[in-house]
Amino acid sequence: MSEDKASVIQLLFLDVDGVLTDGSFRLDDQGRESKNFHVRDGLGLKLLLSCGIRVILVCGRRSKALEVRARELGIRDVYQGVADKRALCRHLVAELGLERKQACSMGDDLPDLGMFAESGLRIAVADAVKEIRESADFITRSRGGSGAVREACEWLLKCQGRWEAETARFQGK
């Protein structure tokens, strides 16, 4: 059962383009890139971090915009230009002394199947390609870049019994 898998997660591997963003980017005439990030996704990631769940951003491309957003969110682990996501995830799980079942991956496209192979829990965004959706334990209702990460963060924290305590902070309790 997916909820049981979620209860032991200590690490989230998160693809960027198509998951944390809608998969599009803009280039100006100087070659500067911009991306759109959903503000609620950011709060969801901050809540995971405050609960001790490590967030690692894994991206096949390189982007200055991603570096800026990660710094804003307090995410220290950002891997860009990654050609072999599976090898990276395998290495990091071992380096952190975790078991595969304690790692979760969230993706949208074929390169993310490598992350899925090294994770005990696999999450797909609603608009992920068929192969990712078929490999997923949980599929968000939201599309990538439109609150899907927040949805996954809430679900993970609820499965771990941490959601109420986290939301109480905002209610002055």
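Note that the structure is predicted; figures quoted are calculated from it, not measured.

Visitor: With reference to specific residues and values, describe the overall build of the chain.
Guide: Looking only at helices and strands, the chain has 8 helices and 8 strands in total. In terms of C-alpha radius of gyration, the chain reaches 15 Å, essentially the compact-globule figure of 16 Å for 173 residues. With the C-alpha coordinates aligned to their principal axes, the bounding extent of the chain is approximately 50 × 40 × 30 Å. Out of the 173 residues in the chain, the part that is buried amounts to 51%. Residue pairs at least 24 apart in sequence account for 55% of intrachain contacts in the chain once pairs closer than 6 positions are excluded. Accessible area for the chain stands at about 8,600 Å²; split by element, carbon and sulfur atoms hold 47% of it. A gap of 3 Å separates the mean positions of the 28 positive and 27 negative side-chain charges of the chain.

Visitor: Describe in detail the pairing of strand 6 (residues 103–107), supporting the description with residues and values.
Guide: The buried fraction of strand 6 amounts to 5 of the 5 residues, a majority that puts the element mostly inside the structure. Of the two faces of strand 6, the one carrying Ala-103, Ser-105 and Gly-107 and the one carrying Cys-104 and Met-106 are both buried. Bridge count for strand 1 (residues 11–15) against strand 6 is 4 bridges, and the pairing is parallel. Paired with Leu-14 across the strands is Met-106, a residue of strand 6. Here strand 6 runs beside strand 7 (residues 121–124); their pairing, made up of 4 bridges, is parallel. Note that in strand 7 the partner of Gly-107 across the bridge is Ala-124.

Visitor: Got a sec to walk through helix 3 (residues 64–73)? Specific residues and values, please.
Guide: All of the buried residues along helix 3 are Ala-65, Leu-66, Arg-69, Ala-70 and Leu-73. Take helix 3 and look down its axis: the buried residues cluster within an arc of 130°, on one side only. In this structure, helix 3 carries Lys-64 and Arg-71 as exposed residues pointing more than 90 degrees from its buried face. Residues of helix 3 that are buried make contact with strand 3 (33–34), helix 2 (39–50), strand 4 (54–58) and strand 5 (77–79). Where helix 3 begins, the side chain of Ser-63 points an oxygen toward the backbone nitrogen of Ala-65, at a separation of 3.2 Å.

Thresholds applied
- Within each chain, residue numbers correspond to sequence positions counted from 1 in written order.
- Residue-level local features of this predicted model are given only where pLDDT is at least 70; pairs of side-chain atoms are given and counted only at 80 or more, and the full residue set underlies all totals for whole chains, interfaces and linings.
- In computing side-chain properties, one takes all heavy atoms of the structure into account and sets aside hydrogens as well as water.
- Helix numbers and strand numbers start at the N terminus; a helix is a DSSP run of H or I with at least 4 residues, a strand a run of E with at least 2.
- Using C-alpha atoms as the atom set, the radius of gyration is obtained and then compared with a globule rule of 2.2 Å times the number of residues to the power 0.38.
- To sort residues, take the accessible area from a 1.4 Å probe on protein chains only and compare it with the maximum for the residue type: under 20% means buried, over 50% means exposed, and anything in between is partly exposed.
- Residue contacts follow a heavy-atom distance rule, with two residues in contact if any of their heavy atoms lie within 4.5 Å.
- Accessible surface is estimated by sampling points in the Shrake-Rupley manner with a 1.4 Å probe; for residues, cover comes only from the protein chains shown.
- None of His or the chain ends enter the tally, which takes Lys and Arg as positive and Asp and Glu as negative.
- Just so you know, the charge point we use is NZ for Lys, CZ for Arg, CG for Asp and CD for Glu.
- Between any two strands, at least two bridges found by DSSP are needed for them to pair.
- Working definition: the arc comes from the directions between the helix axis and the C-beta atoms, pointing outward to the latter.
- Counted as a polar contact is a pair of N or O atoms within 3.5 Å, where, for protein atoms, one must be capable of donating a hydrogen and the other of accepting one, and residues adjacent in sequence contribute only when both atoms are in side chains.

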